[in-house]
Amino acid sequence: MTTNHCNDPCAATLIPLAKKEGITTVWDRHKAMQPQCGFGQLGVCCRICWKGPCRIDPFGDGPQQGICGATADTIVARNVIRMMASGAAAHSEHGRHVALALLGVAEGKLPDYTIRDEGKLRSIAAKLGLDGTREDILAVAREVALATLGDFQNQDHDTPCAWIASTITGKRLEKLAALHVLPHNIDAVVTGIMARTNVGCDADPVNLVLGGVKGALADFNGMCLATEISDVLFGTPSPVVTAANLGVLKEDAVNIAVHGHNPLLSDVVCDVALLMGDEARRAGAKDGINIVGVCCTGNEVMVRHGIPLAANYLSQELALITGAVDAMVVDVQCIMPSISEIGACFHTEIITTMDDTKIPGATHVNFREATATENARQIVTLAIEAYKRRNPQRVIIPDIKRTAMVGFGTEAIVGALATLNAEDPLKPLVDNIANGAIRGIALFAGCNNPQVDQDSSFVTIARKLARNNVLLLATGCGAGAFAKHGMMTQEATLEYAGDSLKAVLTAIGTAAGLGGPLPLVLHMGSCVDNSRAVEVAVALANKLGVDLDSLPLVSSAPEAMSEKAVAIGTWSVALGIPTHLGIMPQVTGSPVVTKLVTETVKELLGGYFIVELDPDRAADKLLDVIDERRKALGI
Ligand code: NFS
């Protein structure tokens with residue numbers, strides 16, 4: 001039995017406290033769940049009809065087929081592509097929500113939102129082949145919103161979704177089109193996966209996985225549009241210095257944790273909180289209102305507005321155990337249902353806000369974009385009321401937080417490079433990759449998973465890659481891990497970067513006016529913001545005149561957990577990027593699927609999954625891949 005723990009320094013104080021108070025956490029429940037179901041771990045349990053459940057005996061003694069005749073290969077393939085469909089649905093619902101909000105703004109129906117980045121809106125319009133130069137910015141917004149919503153409506157299978165078609169390299173588009181995996185309509189592709197995995201439909205594991213790849217690319221499309229339109233509505237990230245970990249909670253403030261994913265809610269809560277500080281002070285909170293972030297909503301407001309990050313996925317419960325959170329406001333995704341039980345042990349209001357994400361025991365505020373400010377006021381008022389009930393004796397905020405320089409979206413990275421070469425901003429990056437000062441680029445993404453000591457795999461792999469002069473990018477809970485462990489600082493660059501990487505980061509950071517090097521790991525944003533890393537990679541590939549599968553670029557999700565991570569990992573592979581998983585994916589019960597995703601796909605698409613649970617060995621494997629790519633490029 002494995003018992004992993006929280007590697008977060010705050011845990012040393014808070015886990016014993018939870019035990020004393022009789023509060024169970026994710027680590028307790030993970031331990032209680034051991035041993036976990038071996039059939040499920042291999043992916044060979046089929047529950048898609050009521051003749052079952054069926055499971056295949058991995059040792060060959062028992063059944064080798066389900067009652068309908070489905071083999072382990074069919075069952076595994078069906079299970080894993082349903083995960084991809086769910087991931088694509090989650091990200092794309094988020095994206096649709098944001099696109100509809102842009103339409104609402106364009107039509108004057110949402111006075112609580114505005115267009116904060118006109119320049120970005122115009123450049124998106126141009127990218128989508130629309131007229132971005134029209135003087136009437138709302139007309140541009142309307143066209144962009146409608147074109148985006150078209151990616152959920154197009155019925156012509158031969159016309160790919162507009163966002164993916166205008167984002168990736170021409171060569172990659174051709175390759176994906178030839179394999180018939182380019183999505184034409186996000187909703188249709190997700191529905192298609194559910195239909196083909198229905199009992200008695202697609203039984204061919206290879207055909208199924210290709211269907212899953214299409215779903216994963218629909219996920220990518222949903223992410224691109226969610227990210228870019230959020231920048232239009234809430235601002236494009238630029239470098240900002242803030243802090244991370246539970247020490248960002250304040251004893252003398254009304255602490256509101258915004259948790260979930262979609263900035264439509266959290267951004268307005270931030271704005272309204274700024275206006276309600278006096279009410280909080282009148283309630284006795286002399287430091288007013290303190291907004292902190294959790295999970296990817298935390299990353300969204302962190303990279304755009306410098307709001308400090310309290311916790312990533314696995315430590316969301318620890319935030320509540322401090323006794324200092326007055327309200328935790330959630331929208332969608334990655335919200336542990338346990339938080340309402342833990343909130344009830346304290347004075348904490350757990351506030352759900354979305355029709356499709358409610359939690360028993362939580363207070364529900366029916367959030368609508370049309371009444372966003374009013375709803376945010378309700379939420380902040382509930383937090384202030386809760387603060388009045390707070391028991392100061394039960395407040396224990398670990399004095400642990402690390403500085404984090406964040407906000408490195410594509411524009412910010414290109415902007416920093418432009419300070420070295422205004423005419424050709426990518427040239428310094430390309431030159432330094434070519435001359436080996438930067439050996440390669442690694443994107444860290446994805447979740448935490450209690451199968452691993454929290455955050456530890458991220459930190460171990462990243463330190464080794466940095467020592468070997470690999471440029472590090474991060475999103476999501478990976479970014480949260482690095483922020484909490486002090487790896488998004490200039491000091492970390494000086495401490496951990498190899499000499500040539502250090503010199504490059506110092507030259508760029510100094511020229512960009514940051515008074516020193518760029519931080520060791522560049523925080524690109526939330527999980528949907530993985531599309532930003534692809535944007536940078538596409539720009540590099542186009543500049544070099546190669547496709548994405550030639551770049552010395554790797555990605556890593558060492559602590560993956562969510563269905564969304566399954567979708568992201570799969571599109572990363574489909575885009576030609578070797579992708580490391582530090583968790584055993586639930587596919588190994590099928591030799592066909594396992595070989596397909598770790599080997600055969602390399603010939604088809606250039607990318608492939610590297611499964612390595614040991615972080616130190618994982619770093620070595622990623623370095624080998626980078627070197628292999630460099631050699632093939634002749635650099
Ligand atoms: Ni993405 Fe993982 Fe969730 Fe964000 Fe964190 S758990 S799949 S990183 S918060 S979405």
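Residues numbered from 1 in each chain as written. Predicted model: local features only at pLDDT ≥ 70, side-chain atom pairs only at ≥ 80, totals over all residues. Heavy atoms only, no water.

Counted only if it meets this: UniProt positions are given in the numbering used here, feature names are shortened, and annotations may be inferred rather than shown by experiment.
In the annotation of an unreviewed UniProt entry, the entry for the protein reads Carbon monoxide dehydrogenase, and the organism field reads Oryzomonas rubra. Per UniProt, the protein has the following entry under Catalytic activity (unreviewed entry): "CO + 2 oxidized [2Fe-2S]-[ferredoxin] + H2O = 2 reduced [2Fe-2S]-[ferredoxin] + CO2 + 2 H(+)".

### Brief notes about the coordination of the nickel atom of the ligand
How we decide: The rule for donors is simple: N, O or S, within 2.8 Å of the metal, or within 3.2 Å if the metal is Na, K or Ca. Water isn't counted, so a site may look like it is missing partners. Only runs of H or I of at least four residues qualify as helices and only runs of E of at least two qualify as strands under DSSP, and these elements are numbered from the N terminus.
Counting protein donors to the nickel atom of the ligand gives just one, Cys527 (SG), placed at 2.2 Å. Inspection of the secondary structure assignment puts cysteine 527 in the loop between strand E13 (521-525) and helix H23 (530-544).

### Points about the site of the ligand
In plain terms, the rule: We call a residue near a molecule or strand whenever a single non-hydrogen atom of that residue lies within 4 Å of it. Think of it as three bins: nonpolar holds Ala, Val, Leu, Ile, Met, Phe, Trp, Tyr, Cys and Pro, charged holds Asp, Glu, Lys and Arg, and polar takes everything else, Gly as well. For each domain, the first and last residues come from an automatic or database assignment.
The environment of the ligand is formed by 14 residues, the closest being Cys296, Cys334, Cys447, Cys477 and Cys527. Split by residue class, the shell around the ligand holds nine nonpolar, four polar and one charged. Lining the shell around the ligand are residues from two domains, each supplying at least three of them: domain 2 (246-394) and domain 3 (402-633).

### Examining the UniProt feature "binding site: [4Fe-4S] cluster 2" (unreviewed entry) in the protein
Convention followed: In this description, contact between two residues means that some pair of their heavy atoms is separated by no more than 4.5 Å.
Following the UniProt record, the feature "binding site: [4Fe-4S] cluster 2" (unreviewed entry) maps to Cys46, Cys49, Cys54 and Cys68 here. The annotated residues occupy 23 residues of the chain but converge on a single region, no pair of C-alpha atoms lying more than 10.6 Å apart. With respect to the element layout, cysteine 46 can be found in strand E1 (residues 45-46). If near-sequence neighbours (up to four positions away) are discounted, cysteine 46 is found in contact with Pro53, Cys54 and Ile75.

### Details of the pairing of strand E14 (residues 553-557)
Definition in use: Exposure is judged per residue with a 1.4 Å probe applied to protein chains only, and the accessible area is read against the type maximum: over 50% gives exposed, under 20% gives buried, and values in between give partly exposed. Each pair of strands is called paired provided DSSP finds at least two bridges between the two strands. Whether a crossover is right-handed comes down to one check: with the strands pointing away from the viewer, does the path from the first strand over the helix to the second run clockwise; if it does, it is right-handed.
Burial of E14 is extensive: five of the five residues sit out of reach of the surface. Going residue by residue along E14, you find Leu553, Ser555 and Ala557 tucked away on one face and Val554 and Ser556 tucked away on the opposite face as well. The sheet contact formed by strand E11 (residues 440-444) and E14 spans four bridges and is parallel. Looking at the pairing, isoleucine 441 lines up with leucine 553 of E14. Of the strand pairs in this sheet, E14 and strand E15 (residues 579-581) are connected by three bridges, and their pairing is parallel. Looking across to E15, one finds that alanine 557 is bridged to leucine 581. For the crossover that starts at E14, traverses helix H24 (residues 563-574) and ends in the parallel E15, the hand is right-handed.

### Examining the sheet that holds strand E12 (residues 470-475)
The following threshold applies: Lines are fitted to the C-alpha atoms to define the axes, a helix being fitted only along its stretch in contact, and any angle between axes, read from their N-to-C directions, falls within 0 to 180 degrees.
If you trace the six strands from one edge of the open sheet to the other, you get E13-E12-E11-E14-E15-E16, paired in parallel fashion. At either margin of the open sheet sits one strand with a lone partner, and together these are E13 and strand E16 (609-611). When the angles between neighbouring strand axes are averaged without regard to direction, this sheet yields 25 degrees.

### Looking at the UniProt feature "binding site: [Ni-4Fe-4S] cluster" (unreviewed entry) in the protein
Filter applied, for reference: In the analysis that follows, any N or O atom pair within 3.5 Å is treated as a polar contact, provided that within protein one partner can donate a hydrogen and the other can accept it, and provided that, for residues neighboring in sequence, both atoms belong to side chains.
Here, UniProt's "binding site: [Ni-4Fe-4S] cluster" (unreviewed entry) annotation points to His261, Cys296, Cys334, Cys447, Cys477 and Cys527. The largest pairwise C-alpha distance within this set of annotated residues, which runs over 267 residues, is 13.1 Å, so the set is compact in three dimensions. In this fold, histidine 261 is placed in the loop between strand E4 (254-259) and helix H11 (263-275). When sequence neighbours within four positions are dropped, the list of residues in contact with histidine 261 reads His94, Cys296, Thr297, Glu300, Asp331, Val332, Gln333, Cys334 and Lys564. From its side chain, histidine 261 meets the backbone oxygen of valine 332 in a polar contact 3.0 Å long. Relative to the helices and strands, cysteine 477 is located in helix H20 (residues 476-484).

### Brief notes about the domain arrangement of the protein
Put simply, the rule reads: What gets called buried area is simply the loss in accessible area from a 1.4 Å probe that two parts show on being joined, summed for both. The rule for a salt bridge is simple: a side-chain nitrogen of Lys or Arg has to be within 4 Å of a carboxyl oxygen of Asp or Glu.
Per the domain assignment, the segments making up the protein are domain 1 (72-234), domain 2 (246-394) and domain 3 (402-633). With centres defined by C-alpha atoms, the gap from domain 2 to domain 3 works out at 31 Å. Each side of the interface is counted separately: domain 2 has 14 residues, and domain 3 has 25 residues. Summing the contributions of domain 2 and of domain 3, the shared interface buries around 1400 Å²; its carbon and sulfur component is 66%. Three residues, Val303, Asn312 and Leu314, lead the burial of domain 2 against domain 3; their summed loss comes to 37% of the area buried on that side. Between the two partners, domain 2 and domain 3, sit zero salt bridges. When residues of the side of domain 2 that touches domain 3 are assigned to their parent elements, the largest contribution, six residues, is made by helix H13 (residues 295-305). In the side of domain 2 that touches domain 3, the residues fall into seven nonpolar, five polar and two charged.

### Observations concerning the environment of serine 338
Topologically, serine 338 is positioned in helix H15 (residues 338-345). Each C-alpha atom of the pair serine 338 and valine 554 lies 35 Å from the other, and the pair is 216 residues apart in sequence. With sequence-adjacent residues up to four places away left out, serine 338 is seen in contact with Arg29 and Glu317.

### Let's talk about the environment of valine 430
Locating valine 430 in the fold gives a position in helix H18 (residues 426-434). Residue valine 430 is classed as buried on the basis of its relative accessible area of 11%. Separated by 114 residues in sequence, valine 430 and leucine 544 have C-alpha atoms that sit 7.9 Å apart. Apart from the residues lying within four places of it in its own chain, the contact partners of valine 430 are Leu540, Lys543 and Leu544.

### Quick notes on the side chain of threonine 410
Within the secondary structure, threonine 410 sits in helix H17 (residues 410-418). We classify threonine 410 as buried; its relative accessible area is 9%. In terms of polar contacts, threonine 410 uses its side chain to reach the side chain of glutamate 535, at 2.8 Å. If near-sequence neighbours (up to four positions away) are discounted, threonine 410 is found in contact with Met524, Arg532, Glu535 and Val536.

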